[in-house]
Amino acid sequence: MVAPAPIVPNIPNIPKIEAPKPIERVAVPSKKLPNQPQISVPLYADPLKWYSYSGDVIVFWEVPDDVISVAAKLDHSPNTDPTIAEKDLFTGKNFGLIDEGVWYVHVRFKNNIGWGPSAHYKISIDRTAPAVFEIRIDNAVTENPAPVIRYETSDALSGLGEVGILVDDNDLIRVGATTTSFALPLQPPGKHRIVVRAVDKAGNALEDDQDLEILPLAKPSFDFVPKSVS
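Computed from a predicted structure; not experimentally measured. (Residues numbered from 1 in each chain as written. Predicted model: local features only at pLDDT ≥ 70, side-chain atom pairs only at ≥ 80, totals over all residues. Heavy atoms only, no water.)

Time to look at the pairing of strand S7 (residues 119-125). Across the seven residues that make up S7, a large majority, five, are buried. Both strand S2 (residues 50-51) and S7 contribute to a ladder of two bridges, which runs parallel. Residue pairing in the sheet places Tyr51 in a bridge with Ile125 of S7. Relative to S7, strand S6 (residues 101-110) is paired through seven bridges, and the arrangement is antiparallel. Along S7, the bridge assignment pairs Gly101 with Ile125. (Buried < 20%, exposed > 50% of the residue type's maximum accessible area, 1.4 Å probe, protein only. Helix = DSSP H or I, 4+ residues; strand = E, 2+ residues; numbered from the N terminus. Pairing = 2+ DSSP bridges.)

This is the structure we're talking about:
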């Protein structure tokens, strides 16, 4: 079997993101620890979503008037408390490019009282299509107008989002991500092209196709005709 080529997902046109700016002011003394930072990551705006593209991870945060230092870290742990302060005070940080996987940004503020609670932001990246699979049909040439097709695939990172089935140029039939077999709708006699497309939760897709021929049912014939019928 020749491995099918993955389908490249549509990557949105992302506007240029300005670099974080330095903070130049005298901090205002506080009587309590700083609040938890509010983090935003324009390139990966939804921490609950999987993304199929990579770019510089530029993280922003609002710096309150009492803050004198910021500690920021990027790793694979969801609950890290960063302890090393940045050399200078900025409105954010560029962590650069990251590989596939689940990442977490951690940020905390320090004022004259001490370090406040950490904020955590999840970034999930999956650029790999689902595992290669092959459509199986018990009989590629059959008189059955609704044959069952079988397939099985998986996705190691984000997981399968959905499976779609195309018969010729008809509308896409969406089936569950855990489905591994499907009885086709009734098909007319003739040759058909079956396509199964697996899409993961990041939008990466892979498909396989198979030819199918539906034979017309044999016309009834009479081998014996009685001379009289009562």
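Let's shift gears to the pattern of salt bridges. Overall, the coordinates contain six salt bridges when judged by the stated rule. Between Arg150 and Asp138 there is a salt bridge whose closest N-O contact spans 3.2 Å. A residue pair is termed long-range when its members are at least 10 positions apart, and Arg150 in strand S10 (residues 148-150) and Asp138 in the loop between strand S8 (136-137) and strand S9 (141-142) qualify at twelve residues. Judged by relative accessible area, Asp138 falls into the exposed class, the value being 59%. A salt bridge links Arg193 to Asp209; its shortest N-O distance comes to 2.6 Å. Separated by 16 residues along the polypeptide, Arg193 in strand S14 (residues 190-200) and Asp209 in strand S15 (residues 205-214) bring together distant segments of the chain. (Salt bridge = Lys/Arg side-chain N within 4 Å of Asp/Glu carboxyl O.)

Note on aromatic pairs: each is described by the distance of the centres and the angle between the planes. On inspection of all chains with the given rule, the structure shows three aromatic pairs. An angle of 70° between the planes, with centres 5.1 Å apart, marks the rings of Tyr44 and Tyr51 as edge-to-face. The pair formed by Tyr44 and Tyr51 is uniform in burial state, with each residue classed as buried. Ring geometry for Tyr44 versus Tyr53: centroids 5.9 Å apart, planes at 15°, classification stacked. Classification of Tyr44 as buried rests on a relative accessible area of 1%. (Phe/Tyr/Trp six-rings, centres within 6.5 Å; stacked < 30°, edge-to-face > 60°.)

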